[in-house]
Amino acid sequence: MIPLILPSTSDAVSPFVTRLGAVTWDDSRDARLMSDAGGTALYSGDFGLFTIERPQAMSLEGDIVLVDPRAGRAERLIRAGSGHNTLLVTERCDQLCVMCSQPPKKTHEDRFAAFTDACLLAPDSSVIGISGGEPTLFKADLLELLETVLGQRPDLAFHILSNGQHFEQGDVERLRQPCYQRVQWGIPVYSADHASHDQIVAKEGALARLEKSFCHLLAAGARIELRTVLLSDNYNDLPRLARYVVTRLPFIEHWSIMQLENAGFAKNRWDALYVDHQQDFAPLGQALDHAILSGLDVRLFNVPRCSVPQEYRPYAMASISDWKRRYAPTCAPCHERDQCGGFFEWHPRDADLKVVPL
Ligand code: SF4
């Protein structure tokens, strides 16, 4: 796993965001590499001298970090050269999904100013992820971040994970601004059945409220990625969900159907929640067929390519972020490894036994 938090020392009195480099760019928020020995890099910038410890083979060149002197750490907010940078803007949420990989907390630390600074320094044409918790619980701060960054950096784009519970009629005009065409909202729908969806997210009336939000987002011309996690509770109902998506939500950009991540709440509930699509591909195959025949852009996430029947492999994406992706030892001879997302670092190892190199 790629470490995102590294030990750091600094004389600064408060946290600061800076971009690391061997050369100095034309920005006062850049820090220049002064020396690099024994796994400790020494940097100098407008915030003074600071050090970051990191494994010898790891390059930090161009990374944008949040250095917290009191905590003695540097957080790699945006890694140069990675297409998987995600900013966690809050750990609060108003849902409690049974499989949540990032279980919510009651506390909230406002880091929007630091995130704004980091985004403004991002590499050219980056797509930056935003997640939580539920980012739209802090909608005013979130929209301000987006408008500030996109106003100054027209080359950037954002992908935001949201439960879609907080969009209102009053947001429509604002979301119609051209800069929001560089924002895609990733919103989950787990079932076409209200009771089932509400039970999965542990919130009564959640799907009804989500449908209202979809109306506002449609009116705003928002770009939407629909997301569905495979669960034992919704698996057999997937064909019905596909019909719901095709008939009720044809304006979405993509439908991403994803396998469960063995993290957060799902870790302790794995046996009850996990459904092995290799054992019975039919419900998933029927849902995919319906979406494909209807012209919907459907994708399969978090599934090894060799676990999917050949005709559906073009829909299987290498979706697992680089910092939490692994392959089984038996994957070595596989010709499709570059196109395959492999496994989550924390996926049960017995799944490796089913790997069949292509
Ligand atoms: S053998 Fe490994 S790399 Fe190849 S498709 Fe299967 S999981 Fe992916």
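Residues numbered from 1 in each chain as written. Predicted model: local features only at pLDDT ≥ 70, side-chain atom pairs only at ≥ 80, totals over all residues. Heavy atoms only, no water.

1. Quick word on unusual backbone geometry
So, step 1. For the bond running from G132 to G133, omega is 25°, close enough to zero to count as cis.
So, step 2. Within the element layout of this structure, G133 appears in the loop between β9 (127-131) and α2 (139-152).
So, step 3. Despite not being glycine, S125 shows a phi value in the positive range, around 60°.
So, step 4. Relative to the helices and strands, S125 resides in the loop between α1 (112-120) and β9.
So, step 5. Judged by its relative accessible area of 52%, S125 is exposed. (Helix = DSSP H or I, 4+ residues; strand = E, 2+ residues; numbered from the N terminus. Buried < 20%, exposed > 50% of the residue type's maximum accessible area, 1.4 Å probe, protein only.)

2. Description of the pairing of strand β11 (residues 183-188)
The side chains of a regular strand alternate, first on one face of the sheet and then on the other.
So, step 1. Most of β11 sits inside the fold, with 6 of its 6 residues counted as buried.
So, step 2. The two faces of β11 match: V183, W185 and I187 on one face and Q184, G186 and P188 on the other face are all buried.
So, step 3. One ladder, built from 5 bridges, connects β11 with strand β12 (residues 223-229); its direction is parallel. The residue bridging I187 from the neighbouring strand is L226, located in β12. (Pairing = 2+ DSSP bridges.)

3. With respect to the domain arrangement of the protein chain
So, step 1. Per the domain assignment, the segments making up the protein chain are domain 1 (5-76) and domain 2 (86-301).
So, step 2. Between domain 1 and domain 2, the contact holds 9 residues from the first and 8 residues from the second.
So, step 3. Across the domain 1/domain 2 interface, buried area totals approximately 690 Å², and carbon plus sulfur atoms make up 66% of it.
So, step 4. Its largest share of buried area at the contact with domain 2, domain 1 owes to V17, R29 and I64, together 63% of the area lost on that side.
So, step 5. Seen at the junction of domain 1 and domain 2, the total is 1 salt bridge.
So, step 6. In this structure, E75 and R111 form a salt bridge, with 2.8 Å as the shortest nitrogen-oxygen distance.
So, step 7. Our count for the domain 1 to domain 2 interface comes out at 2 residue pairs in polar contact (both at pLDDT 80 or more).
So, step 8. Sorting the residues of the side of domain 1 that touches domain 2 by element identifies β2 (16-21), β6 (64-68) and β7 (73-78) as the ones contributing at least two each.
So, step 9. In terms of residue count, the dominant contributor to the side of domain 1 that touches domain 2 is β2 (3 residues). (Domains from an automatic or database assignment. Contact = heavy atoms within 4.5 Å. Buried area = accessible area lost by both parts, 1.4 Å probe. Salt bridge = Lys/Arg side-chain N within 4 Å of Asp/Glu carboxyl O. Polar contact = N/O pair within 3.5 Å; in protein donor to acceptor, adjacent residues only side chain to side chain.)

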